[in-house]
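Residue strings, one per chain:
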Amino acid sequence: MQEKQYLMIPGPTPVPPSVVAAMSRPMIGHRSEDFAALHRRIQEKIRQVFQTSQEVFIMTNSGTGGLEAAVANVISPGDRVLALVTGNFGERFANIARAYGAEVDEVNFGWGNPVDLSVVREKLAGSPGYKAVLATQNETSTGVLNDIAGIGALVAETPALLLVDGVSGVGGIEIKMDEWQVDILVTASQKAMMLPPGLAMIGVSPKAWAVIEENRSPRFYFSLPAAKKALAKWNTAYTPNVALFFGLDAALDMMLAEGLENVYRRHLLLAKATRAAVRALGLSLLAEDHCASPTVTAVQSLEGIAADDLRKVLKEEFGITFAGGQGILKGKIFRIAHMGYAGKMDVLIAISGLEMALARLGYPVELGKGVRAAQEVFLGRDL
Ligand SMILES: *Cc1c(COP(=O)(O)O)cnc(C)c1O
């Protein structure tokens, strides 16, 4: 196996050298003035990414821990919850709510489809009394982007809180937490945020705080009131992953230097080129264009060529790692991530490798056809 590797999975994603360098700084105490200054800088920048004027709590745990924090702080046993499920991560969010004793009304829109707003409208009108609505911004398991602005407008008319899993979107796909009326927005370090795994970030609206303060579920490490109290002094409740804080500071600098609008445009362009290439090769995309994820593209397996065999050739012969399918899509799709520290040439490498792997497995591929389609998109000649 060659040593040079191309990691093209939806997390962990490649980490930029400047972020790696920032993380190798000597350790500092987390109760020091230096840490407070670092945390304060991070707050100013991350609120721009979340597009919120509220505090964003940075917790040392994976994204799922962030989702659990969201649930633990607002859901009490017996509360009714509406879960909008479009794939594996939507199901996980619903299961976390169940673990905290919620009575979950789960609506499954089908893997590969987005949330249908008319169904959400009906659900909210037909059965009032939901404490929270759970939604996934970018369903990583299917490569589907959901309309959080649309869901937010509907939920905001009710007393329910909107909890959004933005783990594979925030940092690569625009989200306006305040304007779109998201009550709790969760993301994590290892996807579009360009960091190693280990941090979750969680934004909380004033509407959510009113609920959090009355919540009866047990919470200790995941207590948002404890996090809030600590953040008032630019601190964290417990020892944070200081190295990842250094990295986050650097990653946010990179994002803001590029300009958030440009970051979002870049992801859209990479998705567009990937999709054009996949189509040019005669393969089928799982998600339709109108709901296609800007950060990850899911491709259906071909007749007679198992997605996992294809991934094996890609990895062993070319050092390229694509992700497989999850849950009911296991073996049925493969996923190409283009999130975070990803550029045009990464897409060309992915597609070029895909073409060669298909050829190895006997698929009648015209070499260069997919690469060319992606190049046309990058040159603006695809119109
Ligand atoms: C990766 C991911 C998660 C899980 O995050 P972990 O850091 O693995 O716990 C949750 N939701 C979505 C949408 C994801 O892509």
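An unreviewed UniProt entry lists the chain under the name Serine--glyoxylate transaminase, from Desulfofundulus kuznetsovii. Comment text from UniProt for the chain, heading Sequence similarities (unreviewed entry), reads "Belongs to the class-V pyridoxal-phosphate-dependent aminotransferase family." Its UniProt record, at the heading Cofactor (unreviewed entry), says of the chain: "pyridoxal 5'-phosphate".

Enquirer: Explain the UniProt feature "binding site: substrate" (unreviewed entry) in the chain to me, please; I cannot follow it from the model alone.
Expert: According to UniProt, the positions carrying the feature "binding site: substrate" (unreviewed entry) are Arg-335. Summarising the element assignment, Arg-335 is placed in strand E13 (residues 333-337). Residues within four places of Arg-335 in sequence aside, it is in contact with Met-8, Pro-10, Thr-140, Ser-141, Val-296, Thr-297, Ala-298, Phe-322, Ala-323, Gly-324 and Gln-326. Within the structure, the side chain of Arg-335 is placed 2.8 Å from the backbone oxygen of Thr-140, a separation counted as a polar contact.

Enquirer: For this particular structure, what's the right way to read the site of the ligand?
Expert: If you check the shell around the ligand, you find Ser-62, Gly-63, Thr-64, Phe-89, Arg-92, Asn-138, Thr-140, Asp-165, Val-167, Ser-168, Gln-190 and Lys-191 and nothing else. Here an oxygen atom of the ligand sits 2.4 Å away from a polar atom, N or O, in the side chain of Thr-140. Its free accessible area being 380 Å², the ligand has 90% of it covered by the protein chains. Partitioned by chemical class, the residues of the shell around the ligand number 2 nonpolar, 7 polar and 3 charged.

Enquirer: How should I be thinking about the sheet that holds strand E1 (residues 6-8) in this particular structure?
Expert: Note: strands within a sheet are paired through backbone hydrogen bonds, in either parallel or antiparallel orientation. Pairing is mixed in the open sheet, where 4 strands are placed in the order E1-E12-E13-E11. The open sheet has two edge strands with one neighbour each: E1 and strand E11 (296-300). Direction aside, the axes of adjacent strands within the sheet are offset by 30° on average. The sheet contact formed by E1 and strand E12 (residues 320-324) spans 3 bridges and is parallel. Along E12, the bridge assignment pairs Tyr-6 with Ile-320.

Enquirer: Any chance you could explain the packing of helix H10 (residues 260-280) against helix H13 (residues 369-378) here in plain terms?
Expert: Each pair of packed helices gets described by two things: the angle between the helix axes and the distance between those axes. At a minimum axis distance of 7 Å, the contact between H10 and H13 shows a crossing angle of 145°. You can see that H10 and H13 cross each other, and the crossing is right-handed. Every residue of H13 that contacts H10 at Leu-269, Leu-270, Lys-272, Ala-273, Ala-276, Ala-277 and Ala-280 is listed here: Lys-369, Gly-370, Ala-373, Ala-374, Val-377 and Phe-378. A class-by-class count of the residues in the contact of H10 with H13 yields 10 nonpolar, 1 polar and 2 charged.

Enquirer: Before we go on, may I ask you to explain the packing of aromatic side chains in this structure?
Expert: Each aromatic ring pair is summarised here by two numbers: the centre-to-centre distance and the angle between the ring planes. Here the structure, examined in full by the defined rule, presents 6 aromatic pairs. The interplanar angle of 65° and the centroid separation of 5.7 Å between the aromatic rings of Tyr-221 and Phe-222 together place this pair among those described as edge-to-face. Plain terms: the ring middles of Phe-322 and Phe-334 are 5.8 Å apart, the flat faces sit at 10° to each other, and that makes the pair stacked. Within this pair, whereas Phe-322 is found in strand E12, its partner Phe-334 is found in strand E13, the two being separated by 12 residues in sequence. One exposure class covers both Phe-322 and Phe-334, and it is buried. Each residue in the set Phe-220, Tyr-221, Phe-222 and Tyr-238 is aromatic and connected to the rest through ring pairs, giving one cluster. Above the plane of the ring of Phe-89 lies Lys-191, whose end atom (NZ or CZ) is 5.3 Å from the centre. Directly above the aromatic system of Trp-209 lies the positively charged group of Lys-228, at a separation of 4.7 Å from the ring centroid.

Scoring rules and cut-offs
- Residues numbered from 1 in each chain as written.
- Predicted model: local features only at pLDDT ≥ 70, side-chain atom pairs only at ≥ 80, totals over all residues.
- Heavy atoms only, no water.
- UniProt positions renumbered as here; feature names shortened; annotations may be inferred.
- Helix = DSSP H or I, 4+ residues; strand = E, 2+ residues; numbered from the N terminus.
- Contact = heavy atoms within 4.5 Å.
- Polar contact = N/O pair within 3.5 Å; in protein donor to acceptor, adjacent residues only side chain to side chain.
- Near = heavy atom within 4 Å.
- Areas by Shrake-Rupley, 256 points an atom, 1.4 Å probe, with all protein chains shown as cover.
- Nonpolar A, V, L, I, M, F, W, Y, C, P; charged D, E, K, R; others polar.
- Pairing = 2+ DSSP bridges.
- Axes fitted to C-alpha atoms, helices over the stretch in contact; angles between N-to-C directions.
- Left-handed = near helix turned anticlockwise from the far one by under 90°.
- Phe/Tyr/Trp six-rings, centres within 6.5 Å; stacked < 30°, edge-to-face > 60°.
- Buried < 20%, exposed > 50% of the residue type's maximum accessible area, 1.4 Å probe, protein only.
- Lys NZ or Arg CZ within 6 Å of the ring centre and 35° of its normal.

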